[in-house]
Amino acid sequence: MKTNDISRDRKQYLNSKRNKKILTVIVQVLILVIFLTLWEVLARLNVIDKFLMSMPSQIIKTTVDLYKSGELFLHLKTTLYETLLGFLIATSLGTIIALILWWSEFLRKVLEPYIVVLNSLPKIALGPIIIVWFGAGTKSIVFMAILITIIVTIITMLNGFLSIEQGKILLMRSLGASKIQMLYKLVLPASLGTFISCLKINVGMAWIGSIMGEYLVSKQGIGYLIVYGGQVFRLDLVMASTVILCVLAGLMYLGVSILEKLLIKNK
């Protein structure tokens, strides 16, 4: 096959791939627009209860009112700080603990039952204890986010470390590689995909933890707005806060996806 034919086929493949991505985005946007339009129309025609379900125009109005009053960025800043701090601490600490457990088989076997129990335990049940330990403030919320995220991180990363092909480990061992060399030369590079997947999971877990913590103790933040809106029967505020939460979580997930592309590109 001639070089020109290969080049032409390559261009056709890239164009087809790009067109599929564009089509996917268009369909995603269309689904969202149709859903919001249908929601608005049904609410205005009183087919659905505006009080219970609110409607897009009311959600936008509520969000604008929060912005004008200066409350929006106060609540955003509070929840973002708690979530990001919990996310970073839990991911870092969880990965380190997973490495320690991979390094020591004895320690792994000793602690495995406790990790399983902690993972199964409903973290909300520890809410009163956490409040007593750290007080009714930011520390309790961040700790809740860490508690929910760290166990998932440990389990995910440990499974990734242990899934490395034993043949490769035996080969390195036969060549005289130390355990630290196997870690840096084989285990960590091979676990990059697992780490990215763990980050994506942790985005959701950190948001769950921070919002759950705000449900319990916070006087500001997105979780507080949701609780307050429910208490005073302002369901438009609840819906607006939920939409804002979805946007923030989506942006954080997008950030992880961009990081993934950068890491794969530089690999």
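Here's what I pulled together on the structure shown here.

Here is what the cut-offs are and how they apply
- Residues numbered from 1 in each chain as written.
- Predicted model: local features only at pLDDT ≥ 70, side-chain atom pairs only at ≥ 80, totals over all residues.
- Heavy atoms only, no water.
- Helix = DSSP H or I, 4+ residues; strand = E, 2+ residues; numbered from the N terminus.
- Buried < 20%, exposed > 50% of the residue type's maximum accessible area, 1.4 Å probe, protein only.
- Contact = heavy atoms within 4.5 Å.
- Areas by Shrake-Rupley, 256 points an atom, 1.4 Å probe, with all protein chains shown as cover.
- Lys, Arg positive; Asp, Glu negative; His and termini not counted.
- Charge placed at Lys NZ, Arg CZ, Asp CG, Glu CD.
- Expected span 1.5 Å × (residues − 1).
- Bend = angle between axes of the 7 residues up to and from the residue.
- Patch = residues over 30% accessible without salt bridge, like charges linked within 9 Å, V, L, I, M, F, W, Y side chains within 5 Å.
- Salt bridge = Lys/Arg side-chain N within 4 Å of Asp/Glu carboxyl O.
- 1 Å grid on protein atoms, 1.4 Å probe; cavity = no way out; pocket = protein on both sides within 12 Å on 5 of 7 lines; lining within 4 Å.
- Points joined across faces, edges and corners; volume = space filled by probe spheres on them.
- Nonpolar A, V, L, I, M, F, W, Y, C, P; charged D, E, K, R; others polar.

Scanning the chain from terminus to terminus reveals 12 helices and 0 strands. The helix and strand sequence of the chain, counted from the amino end, reads α-α-α-α-α-α-α-α-α-α-α-α. Taking the principal axes of the C-alpha coordinates as reference, the chain spans close to 70 × 65 × 30 Å. By the burial criterion, 34% of the 267 residues in the chain qualify as buried. Looking at the chain alone, contacts between residues at least 24 apart form 71% of all its contacts between residues at least 6 apart. Entry remark: accessible area of the chain is about 16600 Å², with carbon and sulfur atoms responsible for 69%. Positive and negative side-chain charges of the chain, numbering 27 and 13 respectively, have mean locations separated by a distance of 9 Å.

With that settled, the discussion passes to helix 5 (residues 105–120). For helix 5, with 16 residues, the first-to-last C-alpha span of 22 Å sits near the 22 Å given by 1.5 Å per residue. Roughly 40° is the biggest bend found in helix 5, and it falls at L111, with proline P113 one to four residues downstream.

Let's shift gears to a nonpolar patch on the surface. Nonpolar side chains collect at one region of the surface, where V243, V247, L251, L254, I258 and L262 lie side by side and expose about 520 Å² of accessible area between them. Summarising the element assignment, I258 is placed in helix 12 (residues 235–266).

Right, let's talk about the layout of surface pockets for a bit. The computed volume of the largest pocket comes to approximately 420 Å³. Counting only elements with at least two residues in the lining of the largest pocket, the list comes to helix 1 (3–44), helix 3 (56–69) and helix 12. Ranked by residue count, the leading element in the lining of the largest pocket is helix 1, at 6 residues. Across the lining of the largest pocket, the residue classes break down as 12 nonpolar, 1 polar and no charged. As a volume, the second largest pocket reaches approximately 230 Å³. Lining the second largest pocket, in full, are W102, W103, E105, R108, F161, L162, I164, Q166, I169, R173, K179 and M182. At the level of secondary structure, the elements contributing two or more residues to the lining of the second largest pocket comprise helix 4 (71–103), helix 5, helix 7 (138–162), helix 8 (166–174) and helix 9 (179–190). The element best represented in the lining of the second largest pocket is helix 8, accounting for 3 residues. Its residues placed into classes, the lining of the second largest pocket shows 7 nonpolar, 1 polar and 4 charged.

Per the counting criterion, the structure on display carries 5 salt bridges. Where K109 meets E105, a salt bridge forms, and the shortest distance between an N and an O atom there is 3.2 Å. Highlighted residues: K109 and E105, both in helix 5, separated by 4 residues, approximately one helical turn. Given a relative accessible area of 56%, K109 falls into the exposed group. Where E260 meets K200, a salt bridge forms, and the shortest distance between an N and an O atom there is 2.9 Å. Taken as a pair, E260 in helix 12 and K200 in helix 10 (residues 192–217) lie far apart in primary sequence, 60 residues in all.

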